[in-house]
Amino acid sequence: MIFAEIVIDIDAGELDRSFSYRVPEHLENSVRVGMTVTVPFGRGNRERHGYVIGIRDKTDLDESRIKEILSVDSSDETTESHLIRLAVWIRETYGCTMNQALRTVFPVREKMKARETRQILLKMDEEPAGRLLGKLEKGRSTARARVLKALLSDPDHMLDYSDARKHLGMTPDVLRYLEKEGLAAVESTEQYRLPVRPEEIPQEEPKELNPEQKEAFSGIIGEWRGESCRPVLIHGVTGSGKTEVYMQLIQEVLDEGKQVIVLIPEISLTYQTVLRFGSRFGGRVSILNSRLSAGERYDQFVRAKNGDVSVMIGPRSALFTPFTKLGLIIMDEEHEPAYKSESTPRYHARETALKRAEMEGARVVFGSATPSMESYRNALEGKYRLVRLAGRHGGRPMPAVRVVDLREELKAGNRTILSRTLQEEMEKRLRIGEQAMLFLNRRGYAGFVSCRSCGHVMKCPHCDVSLSQHMGGRLICHYCGFQTSMPESCPECGSPYIGGFKAGTQQAVQVIQKRFPEARILRMDSDTTRTKGSYEAILKSFASHEADILIGTQMIVKGHDFPLVTLVGILAADLSLNASDFRSAERTFQLLTQAAGRAGRGNRVGSAVIQTYLPEHYTIRAASEQDYEQFYRAEMAYRSFLSYPPAGHMLFIHGACRDEELLTKGMFYLARFVRGIASGKSASVIGPAPEAVSKVKDMYRQVMYLKGDSGGRLLEIRRRTEEYIAINPGFKDIYIQYDYN
Ligand code: ADP
Ligand code: ZN
Ligand code: ZN
């Protein structure tokens, strides 16, 4: 016997509950996950539609009480069925409940009432209507007369329904009379809330592609026309004109009558981006982002489903736009960490996009100046087609990058955060009225310890990631739990200048203001961008040269083009380089390249200064030479040596609990269980260890991780772990989350 799990009404967001139904024998071969079926529901057995979200061959319920599916209503090729199957894949790949997966692919849960406007239209010729008006005015029907008179005197013979009610005293009775006499009719139009107003955007013709763009474009079209259409990776330096190539690809797909999803990291989703796409595709474009109201978001999904919109631009979640004829998914800045969800299910939009595209026969284009290790590896192995844009559009030179060794500054007695080189450069630029951006990256910064004399960083001997400084001076590895005490002097050179790295944007502003009293400085970090619109306001103010220096966190790396910015300073490249994460070098290379890429985007030549204690580190070297290949090779060697992704696969198991002792015990048993099933499966188990942030909102947090050559085996281990936890009451109060690769 076969049973189907069914959710009754996806549109109303009733995803929390699913119901079991028996699949009758004659439907056994036709019921599949994602289909719509009709079932008897509730006490009255009213017929309702439901979606099949799972099929199994046993049930825990009393079989005699399980109702039967009545019929199958749809094929499994509807938008909903594709998305449900995508949810099943998300559940299996990233580890979560079916409910969480469904909520991910159907993100707009609340049905918002469409904004409706109703008009009353005159339906009779003016002359007979005028005669009737005369009659009415003689009688006692003043309200009827008033409405009719207003209709006749309106130039379009049209009244707004609610105006008529409010100002003319039109009651439903009056309206009924007018309709019965054939004088008037009500028409309603649904008005969608539009985040983009196409009529406000000046339309623009496609630009003529430069030779490099042309070659990239025709290469991609060639791939699409070929037999095995692979995903495409555009590796294009900053300012090479990737967006122009995207737009012409989009045009091709629209001409085929298909639809396009354009994913961008939320932070770069500025008004400027919207303008750029809007000016090319007008009202066919819409956007989704966290700043839209719930109603606006809902409307964008409805319009996409109706086919009113054919290009949807948005962050990660826009991937689930319910297009019925999806032809292309573009993922700009594909290396951005924001593409990975930080809450369960921790899906990666890159892999999920590939999966959705595969299911619906759509194509995928990734683009970046600094591709992720994963994507570049796939491209080199021929799984993706690699397309390069090696030069900036218009032959503009790439910025010249200089590296400053901060150890030398200390030797020369300079203990400020501004090296002598950077000071000189700033002075020069400010004198001639150009602008500078200073960049202090604190994201992922977890209190590493380093020597200011020789640059030595305290690292875990087993995992080769930085140790983090904890209360009481303990240094802890957040992968394996290795601990050591804070050294009094540098184990490399004996210098007493070893300690935590302290730096904040606020202190930096003070130092710089003191050094350049005349300069106008703007600061941009999470403190100054808390209120709505402040992010845009700061950028706009800087763009209109109301300040000379913009100092900020990684937020300033993206966004507007500032033609007057000719200098970019990276105050402490080591902050992200020494984060306790195996991807810290990759993130740093990306940030340095992107930040340097902000300089010289106008007509003036730009330069960048990178300050570091580790000038000989391969990341800093490759970034200063702006050599992606060089970085990739060195980084891949490190990943392979330690079996970190993409050379191997990793599964993190995070545990959180209010009771520290219970958590420690739970993680201990879990680790023992996992070691038991992992042995002989070529997977190693490391940890448990306290997380980088070991307590959040009174929840203690620990993590263990598994490394292995086969992703499939790790997922198999995760499935068995899920079962172990489900049947083991000891885990009732421990919240377990999974994070794959
Ligand atoms: P990327 O996204 O690769 O960093 P952009 O797409 O922002 O680069 O392009 C950089 C600049 O060059 C933009 O100002 C863009 O308008 C301009 N540009 C790109 N391609 C062309 C082209 N074919 N013709 C004219 N201008 C172009
Ligand atoms: Zn030292
Ligand atoms: Zn370790």
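Residues numbered from 1 in each chain as written. Chains lettered and ligands numbered in written order. Predicted model: local features only at pLDDT ≥ 70, side-chain atom pairs only at ≥ 80, totals over all residues. Heavy atoms only, no water.

A. Summary view of the overall build of the protein chain. Along its length, the protein chain carries 22 helices and 30 strands. Overall, the C-alpha framework of the protein chain stretches about 105 × 75 × 55 Å when taken along its three principal axes. For the protein chain, buried positions account for 55% of its 741 residues. In the protein chain, 73% of the contacts between residues at least 6 apart in sequence involve partners at least 24 apart. By element, 48% of the accessible surface of the protein chain is carried by carbon and sulfur atoms, the whole surface being about 33,900 Å². Between the mean site of the 103 positive side-chain charges and the mean site of the 96 negative ones, the protein chain shows a separation of 3 Å. (Helix = DSSP H or I, 4+ residues; strand = E, 2+ residues; numbered from the N terminus. Buried < 20%, exposed > 50% of the residue type's maximum accessible area, 1.4 Å probe, protein only. Contact = heavy atoms within 4.5 Å. Areas by Shrake-Rupley, 256 points an atom, 1.4 Å probe, with all protein chains shown as cover. Lys, Arg positive; Asp, Glu negative; His and termini not counted. Charge placed at Lys NZ, Arg CZ, Asp CG, Glu CD.)

B. Summary view of the sheet that holds strand 23 (residues 521–524). On the basis of which strands lie adjacent, the open sheet formed by 6 strands has the order 16-26-25-17-24-23 and parallel pairing. Here the strands that pair on one side only, and so sit at the sheet edges, are strand 16 (400–405) and strand 23. Shown here is a sheet whose adjacent strand axes are inclined to one another by a mean of 15°, direction ignored. As paired strands, strand 17 (residues 435–439) and strand 24 (residues 549–552) are joined by 4 bridges and run parallel to one another. Within the sheet, the bridge partner assigned to Ala436 lies in strand 24 and is Ile549. Sitting on the sheet, helix 14 (residues 420–431) is in contact with strand 16, strand 17, strand 24, strand 25 (565–570) and strand 26 (607–612), with an inclination near 160° to strand 25. Packed on one face of the sheet, helix 18 (residues 584–596) meets strand 16, strand 17, strand 25 and strand 26 and runs near 155° to strand 25. (Pairing = 2+ DSSP bridges. Axes fitted to C-alpha atoms, helices over the stretch in contact; angles between N-to-C directions.)

C. Region of the structure containing the pattern of salt bridges. The tally for this structure, following the rule as stated, stands at 37 salt bridges. Put simply, Glu425 and Lys428 hold a salt bridge, and the shortest N to O gap is 3.6 Å. You can see Glu425 and its partner Lys428 sitting in helix 14, 3 residues apart, about one turn around the helix. Its relative accessible area of 6% is what places Glu425 among the buried residues. Overall, the relative accessible area of 43% leaves Lys428 in the partly exposed class. Across the salt bridge formed by Glu434 and Arg429, the nearest N and O atoms sit 3.3 Å from each other. Each member of the pair, Glu434 as well as Arg429, is classed as buried. (Salt bridge = Lys/Arg side-chain N within 4 Å of Asp/Glu carboxyl O.)

D. Highlighting the coordination of the zinc ion (ligand 2). Donor atoms from the polypeptide that coordinate the zinc ion (ligand 2) comprise Cys451 (SG), Cys454 (SG), Cys490 (SG) and Cys493 (SG), at 2.2 to 2.4 Å from the metal. Metal-centred angles of 107 to 112° between the 4 donor atoms at the zinc ion (ligand 2) mark the site as tetrahedral. Each donor residue of the zinc ion (ligand 2) belongs to the same chain, with the gaps between them written as C-x2-C-x35-C-x2-C. Within this pair, whereas Cys451 is found in strand 18 (residues 449–451), its partner Cys490 is found in the loop between strand 21 (483–485) and strand 22 (498–500), the two being separated by 39 residues in sequence. Per residue, the accessibility class of Cys451 equals that of Cys490, and both read buried. (Donors = N, O, S within 2.8 Å, 3.2 Å for Na, K, Ca; no water. Tetrahedral: all angles 85-135°; square planar, octahedral: opposite > 155°, others 65-115°.)

E. Up close: the nonpolar core. The biggest cluster of nonpolar side chains holds 104 residues, and the ones touching the most others in it are Leu263, Met426, Ile512 and Leu550. Examining the composition of this core, we find that 8 residues originate from one element, helix 1 (residues 79–95), more than from any other. Other than its neighbours up to four places away in sequence, Ile512 contacts Leu418, Met426, Leu438, Ile521, Ile549 and Ile551. Residues Tyr246, Met247, Ile264 and Ile330 belong to the second largest nonpolar core, which totals 30 residues. (Core = buried A, V, L, I, M, F, W, Y, C linked by side-chain atoms within 4.5 Å.)

F. Looking closely at the site of ligand 1. Around ligand 1, the surrounding shell holds 16 residues, and the nearest of these are Glu208, Gln213, Gly239, Lys242 and Arg276. Glu208 places a main-chain nitrogen or oxygen 2.8 Å from a nitrogen atom of ligand 1. Burial of ligand 1 by the surrounding chains reaches 79%, relative to a free accessible area of 560 Å². In terms of residue count, helix 8 (residues 242–255) provides more of the shell around ligand 1 than any other element does, 3 residues in total. When the residues that make up the shell around ligand 1 are grouped by side-chain class, the tally is 2 nonpolar, 8 polar and 6 charged. (Near = heavy atom within 4 Å. Polar contact = N/O pair within 3.5 Å; in protein donor to acceptor, adjacent residues only side chain to side chain. Nonpolar A, V, L, I, M, F, W, Y, C, P; charged D, E, K, R; others polar.)

G. Expanded view of the packing of aromatic side chains. Counting across every chain of the model gives 17 aromatic pairs. A centroid spacing of 5.7 Å and a plane angle of 85° characterise the contact between Trp89 and Tyr94, whose relative ring orientation is edge-to-face. The burial state of Trp89 is the same as that of Tyr94; both residues are buried. Aromatic rings pair up to connect Tyr376, Phe589, Tyr618, Tyr628, Phe631 and Tyr632 into one cluster. Seen from the ring of Phe516, Arg515 lies directly overhead, with NZ or CZ sitting 4.6 Å from the centre. (Phe/Tyr/Trp six-rings, centres within 6.5 Å; stacked < 30°, edge-to-face > 60°. Lys NZ or Arg CZ within 6 Å of the ring centre and 35° of its normal.)

H. Examining the domain arrangement of the protein chain more closely. Annotation of the protein chain at the domain level lists domain 1 (2–105), domain 2 (115–191), domain 3 (198–394), domain 4 (397–445 + 501–639) and domain 5 (649–740). Distance between the C-alpha centres of domain 2 and domain 5: 70 Å. (Domains from an automatic or database assignment.)

I. Fine view of unusual backbone geometry. Cis geometry marks the peptide bond from Thr344 to Pro345, where omega comes out at -5°. Mapping Pro345 onto the fold places it in the loop between strand 13 (326–332) and helix 11 (349–360). Although it is not a glycine, Asn45 adopts a positive phi angle of roughly 50°. Tracing the chain through its elements places Asn45 in the loop between strand 3 (36–41) and strand 4 (46–56).

J. Quick look at helix 11. Its 12 residues give helix 11 an end-to-end C-alpha distance of 16 Å, which sits within 8% of 16 Å, the value for a rise of 1.5 Å per residue. Within the span of helix 11, buried status applies to Ala349, Arg350, Thr352, Ala353, Lys355, Arg356, Ala357 and Glu360. Where the residues of helix 11 are buried, they touch helix 1, strand 10 (259–263), strand 13, strand 14 (363–368) and helix 12 (373–380). Positioned one or two residues after helix 11, Gly361 has a phi angle of 65°, which is positive. (Expected span 1.5 Å × (residues − 1).)

K. Looking closely at the packing of helix 1 against helix 11. At their nearest, the axes of helix 1 and helix 11 sit 10 Å apart, and the two run at 140° to each other. When the interaxial angle is binned, helix 1 and helix 11 end up oblique. In terms of crossing hand, the pair formed by helix 1 and helix 11 is right-handed. Contacts between helix 1 and helix 11 involve His82, Leu83, Arg85, Leu86, Trp89, Ile90 and Tyr94 from the former and Glu351, Thr352, Lys355, Arg356, Met359 and Glu360 from the latter. Taken together, the residues of the contact of helix 1 with helix 11 break down into 6 nonpolar, 2 polar and 5 charged. (Parallel < 35°, antiparallel > 145°, perpendicular 65-115°, else oblique. Left-handed = near helix turned anticlockwise from the far one by under 90°.)

L. Representation of the sheet that holds strand 1 (residues 3–7). In space, the 5 strands of this open sheet follow the order 2-1-4-3-5, with antiparallel pairing throughout. Each end of this open sheet is capped by a strand with a single partner; those strands are strand 2 (19–22) and strand 5 (71–72). Alignment of strand 1 against strand 2, held across 4 bridges, turns out to be antiparallel. Its bridge partner lying in strand 2, Glu5 is registered against Ser20.

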